[in-house]
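Structural overview
The residues making up each chain are set out below.
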Amino acid sequence: KTYEYVKVEQRGRVGIVTLHRPKALNALCSPLMKDLNDALRAFDSDDSVGAMVVTGSEKAFAAGADIKEMKDLEFVSNYTKNFLADWTGITSIRKPIIAAVNGFALGGGCEVAMMCDMIYAGDKAKFGQPEIKLGTIPGAGGSQRLTSLVGKSKSMDMILTGVMMDAVEAERAGLVARIFPADKLLDESVKAASVIASYSLPSVMMAKEAVNKSLELSLAEGLHLERRLFQATFATEDQKEGMAAFAEKREPAFKHK
Ligand code: HXC
């Protein structure tokens, strides 16, 4: 399928979604968000895909929600139509998603990157939540996800002053998992996604579920969930294969990919 605002491509078992609205630095207008969610959902239900990468351009991952589309909205319609409720689609994708961020990830762009499972950054990446400069505040999880990633003080600094974080600082703060030279970022992200996609899919999905639940559950509930999921992996052929392969000093051949 082809989309207007995203490009899709598959390399091996990795689905790549590239945000593509170059004239507006990938500003996230509603049709772009629909295309992004549709493309990710299609990969999520495609058995030949085991992990995904979401990326943008060298200049911008995404410069935020579309300010021009948003500027005349009113409270009553925001509330009755539940503006931004449809932005959470990414968080219901069950296979892992790597956000490969080059250039600006601002406002909604930073929030979309944080909805992915991890962020790899190009060395020129810039992260920010500059909504305060527009007279508003983050609305797609910025105040919550950024705080759990970088802690209260750095999150307050970004959200209250609008200051941006560069790649090095974002990595040091825990927002970014790894940094690569900008021109290597996509290949390295696809390489990591391919590694994930080579493992047993049910275990990969359980691992993602367990980590994500750590942000929502109490420690006791999270540990309970983790132990039950861990126990459940022993019902898969792939656990038998993975451990037998280790004992026999050979590479595992996972069935459920
Ligand atoms: C609509 C945008 C846009 C945006 C850039 N453009 N960001 N259009 N919404 N968020 C458009 C510009 O209007 C311009 O269009 C074109 O993209 C190129 O941008 P320039 O500003 O000319 O580029 P540059 O001078 O290089 O500056 C880059 C920039 C700047 C620093 C990233 O564009 C910028 O500050 N953008 C806004 C960032 C922001 O405030 N994001 C948060 C949005 S609020 P024309 O037609 O003039 O060429 C938000 C709310 C989240 O995200 C709430 C939940 C979703």
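The rules behind each value
- Residues numbered from 1 in each chain as written.
- Predicted model: local features only at pLDDT ≥ 70, side-chain atom pairs only at ≥ 80, totals over all residues.
- Heavy atoms only, no water.
- Helix = DSSP H or I, 4+ residues; strand = E, 2+ residues; numbered from the N terminus.
- Contact = heavy atoms within 4.5 Å.
- pLDDT = per-residue confidence, 0-100.
- Pairing = 2+ DSSP bridges.
- Axes fitted to C-alpha atoms, helices over the stretch in contact; angles between N-to-C directions.
- Near = heavy atom within 4 Å.
- Polar contact = N/O pair within 3.5 Å; in protein donor to acceptor, adjacent residues only side chain to side chain.
- Areas by Shrake-Rupley, 256 points an atom, 1.4 Å probe, with all protein chains shown as cover.
- Nonpolar A, V, L, I, M, F, W, Y, C, P; charged D, E, K, R; others polar.
- Parallel < 35°, antiparallel > 145°, perpendicular 65-115°, else oblique.
- Left-handed = near helix turned anticlockwise from the far one by under 90°.
- Core = buried A, V, L, I, M, F, W, Y, C linked by side-chain atoms within 4.5 Å.
- Buried < 20%, exposed > 50% of the residue type's maximum accessible area, 1.4 Å probe, protein only.
- Expected span 1.5 Å × (residues − 1).
- Salt bridge = Lys/Arg side-chain N within 4 Å of Asp/Glu carboxyl O.

**Quick word on the environment of Asp157**
Among the structural elements, Asp157 can be located in helix H6 (residues 152–161). The spatial distance from the C-alpha of Asp157 to the C-alpha of Gln129 is 9.7 Å, given a sequence separation of 28 residues. Beyond its immediate chain neighbours, meaning those up to four positions away, Asp157 contacts Gly162 and Val163.

**Overview of the confidence of the model for the chain**
Of all residues in the chain, 100% attain a pLDDT of 70 or more, and the chain-wide mean is 97. With a pTM of 0.97, the predicted complex shows an ipTM of 0.97.

**Focus on the sheet that holds strand S8 (residues 126–128)**
One open sheet holds the four strands; their spatial order is S4-S6-S8-S9, and the pairing between them is mixed. At either margin of the open sheet sits one strand with a lone partner, and together these are strand S4 (60–62) and strand S9 (165–166). Alignment of S8 against S9, held across two bridges, turns out to be antiparallel. Within the sheet, the bridge partner assigned to Lys126 lies in S9 and is Asp166. Along the sheet, helix H4 (residues 108–115) contacts S4, strand S6 (104–106) and S8; its crossing angle with S6, the most-contacted strand, is approximately 95 degrees.

**Observations regarding the site of the ligand**
In the neighbourhood of the ligand, 24 residues make up the surrounding shell, with Lys59, Ala63, Ala65, Lys68 and Gly108 lying closest. At 2.9 Å from a nitrogen atom of the ligand is found a main-chain nitrogen or oxygen belonging to Ile67. Note that an oxygen atom of the ligand is positioned 2.8 Å from one of the side-chain N or O atoms of Lys68. Calculation on the ligand without its partners gives an accessible area of 1,000 Å², and the protein chains cover 66% of this total. Among the elements of the structure, helix H2 (67–70), S6 and H4 are those that each provide at least two residues to the shell around the ligand. With three residues, the top contributor of residues to the shell around the ligand is H2. Among the residues making up the shell around the ligand, the classes are represented as 14 nonpolar, four polar and six charged.

**Description of the packing of helix H5 (residues 142–150) against H6**
At a closest axis distance of 7 Å, the pairing of H5 and H6 adopts a crossing angle of 140 degrees. Taken together, the axes of H5 and H6 are oblique relative to one another. You can see that H5 and H6 cross each other, and the crossing is right-handed. In contact with Gly142, Ser143, Leu146, Thr147 and Val150 of H5, H6 contributes Lys152, Lys154, Ser155, Met158 and Ile159. Classifying every residue of the contact of H5 with H6 gives four nonpolar, four polar and two charged.

**Some thoughts on the side chain of Ser189**
Within the fold, Ser189 resides in helix H8 (residues 185–197). Once you skip the residues sitting within four places of it in the chain, Ser189 turns out to touch Val53, Ile98, Ala100 and Tyr120.

**Points about the nonpolar core**
Grouped together as the largest cluster of nonpolar side chains are 47 residues, with contacts concentrated most on Leu36, Phe61 and Phe127. Take this core: its biggest share by element is six residues, from helix H1 (residues 30–44). Among the nonpolar cores identified, the runner-up in size contains 15 residues, and Val14, Ile16, Ala51 and Val190 belong to it.

**Here's the deal with helix H9 (residues 201–213)**
Between its terminal C-alpha atoms H9 stretches 18 Å, which fits the 18 Å expected from 13 residues at 1.5 Å a residue. For H9, every residue scored as buried is listed here: Leu201, Val204, Met205, Met206 and Lys208. For H9, the secondary structure elements touched by its buried residues are strand S5 (97–101), H8 and helix H10 (219–233).

**Observations regarding the pattern of salt bridges**
Going through the model one piece at a time under the given rule, you end up with 14 salt bridges. Across the salt bridge formed by Arg21 and Asp66, the nearest N and O atoms sit 2.7 Å from each other. Residue Arg21 is found in the loop between strand S2 (14–19) and H1, and its partner Asp66 is found in the loop between S4 and H2; the two are separated by 45 residues along the sequence. We note a salt bridge from Arg41 to Asp38, for which the minimum N-O separation is 3.1 Å. Highlighted residues: Arg41 and Asp38, both in helix H1, separated by three residues, approximately one helical turn. Each of the salt bridges in this network shares a partner with another, and the network as a whole consists of Glu9, Arg11 and Asp187.

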